[in-house]
Amino acid sequence: MDTDNLTPLYIHPIVQELSRIFADAGKKLYLVGGTVRDALLGRFHEDLDFATDAKPDETIQIVKPWADNLWLVGIKFGTVGLSKGHLKIEITTLRSEVYVDKTRRPRVAFDTDIYFDLSRRDFTVNAMAVELPQGRLIDPFNGQADLTNRLLRTPVTPEQSFIDDPLRMMRAIRFVSTMGMHLSPEVEEAISVYKGELARVSSERIRDEFSKMLTGAEPAKSLRLLVHTGLSDLFVPELMNLKITQDPEYHHKDVFEHTLTVVERVEPDLVLRLAALFHDIGKPETKEIIEGKVTFYNHDSIGASITRRRLRTLKYPKAIIEDVTKLIYLHMRVYTYRMGWTDRAVRKYIRDAGTLRDKLNALIRADCTTKNPRKMRQSLQVFDELEERIIRLEEAEEAAKIRPPINGHEVMEYLGIGPGPLVGEALHLLLDAKLEGEIETKEDAYALLDKWAKEKGLR
């Protein structure tokens, strides 16, 4: 991997200017972490992370006259945030960060050694720094080589790293989805052994890593790792049950593998990915054998209830919970369409889906993973027919909305005329007035007809 990719980063005028004011204050400054990693990959972001040997209060004094804006929400962890021009910058005092006494919050200890700071970071690909102003790469743990090989290792032993911060186990699996990484055998084994440490981490932090993982490019790989290592048991234990529930329709794979296929077939939208992940979560509870056939009756409604409880536990926002559970509850309804839906039933489907209709259609189509070409054609044909019918109904209802308030018979009766061109002319007049918003009610229409009839000499 070419270190020349770092040059546009460290010669950036704002980066150079910031390094100068720290040097003038007698303090060291480094670009660190994901900023360096992504720069090596040829990605320059407008959010930059720095590390310094200056204490937080010293950092504030150094940057306050220079920054456009300053925020201190991370100050207890040694982080000073600021903006300069179009860049957002975080500067953190060199530190170590460990969990103590089985607490859910890390204890922060400040340090002055960049090598020790890097050794306490999560993975070698994030344990690199660029010394400013000269731009020297500091890579004590061969993170650059690991980045080239897409290998995820820890700077210290995985055991020590995960005990220091158990959320790193989630982050490791998230990087598989979002960055195309693969875990070293030592890291994967340590996750299996130390997964219980995740109980010390807040639901909100787990949720955020889980969401990033789900919306990554390769969520199926990460989900397999979550189940394989047993880490999923700590925050979404229902997933393991899907591996042992055979689906009669998709018998070529278990429900878990079918679920992974659906997850990757929908776009990386959090609501859609969550709905895809949980859409069959009710099958283990509803599995029955009736006349020799395996059935999962009501797995949609049961699954929606299970999902609601799980997402609440993970502290997802109420709006996301409502949308996800509605999609799961509705995702099987379309399969009754061939039984003969009336227009009223179609309208109810439209009304119940509401603003989620496009997402619901996407989920339903993604859920059709059969390898039987005939079944696939039949299923897709049902979806196509329903969508075409919905379009026709909506077009008809939209046309009804722009009809004049009175019809041709009412025009003839009111004006005392018979069928002929005058009726058509009057209706055109009324329709134009309706489109322009000049009339709304029958009273408005009759008033306009009076005026028009006088001009025509009909009154």
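Residues numbered from 1 in each chain as written. Predicted model: local features only at pLDDT ≥ 70, side-chain atom pairs only at ≥ 80, totals over all residues. Heavy atoms only, no water.

Draft legend 1. A look at the overall build of the protein. On a plain count of helices and strands, the protein comes out with 23 helices and 13 strands. For the protein, whose C-alpha radius of gyration is 31 Å, the value lies well above the compact-globule estimate of 23 Å for 459 residues. Residue burial in the protein is summarised as follows: out of 459 residues, 48% are buried. Summarising the internal contacts of the protein: among those between residues at least 6 apart in sequence, 64% fall at separations of at least 24. On the protein, roughly 22,300 Å² of surface is accessible, and the fraction owed to carbon and sulfur atoms is 50%. (Helix = DSSP H or I, 4+ residues; strand = E, 2+ residues; numbered from the N terminus. Rg over C-alpha atoms; globule rule 2.2 N^0.38 Å. Buried < 20%, exposed > 50% of the residue type's maximum accessible area, 1.4 Å probe, protein only. Contact = heavy atoms within 4.5 Å. Areas by Shrake-Rupley, 256 points an atom, 1.4 Å probe, with all protein chains shown as cover.)

Draft legend 2. Highlighting the pattern of salt bridges. Tallied over the full model, the rule gives 31 salt bridges. Here Arg207 makes a salt bridge to Asp208, at a shortest N to O gap of 3.1 Å. Residue classification places Arg207 among the buried positions, given a relative accessible area of 16%. Between Lys442 and Glu410 there is a salt bridge, and its shortest N-O distance comes to 2.8 Å. (Salt bridge = Lys/Arg side-chain N within 4 Å of Asp/Glu carboxyl O.)

Draft legend 3. View of the nonpolar core. By size, the foremost hydrophobic cluster in this structure holds 107 residues, and its most contacted members are Leu18, Phe50, Phe210 and Leu223. The element that contributes the greatest number of residues to this core is helix H8 (residues 167–179), accounting for 8 residues. In this view, Leu223 contacts Phe210, Met213, Leu214, Leu239, Phe256, Leu260, Val263 and Leu277; residues no more than four positions away in its chain are not counted. Membership of the second largest hydrophobic core comes to 11 residues, among which are Val411, Leu415, Leu430 and Leu449. (Core = buried A, V, L, I, M, F, W, Y, C linked by side-chain atoms within 4.5 Å.)

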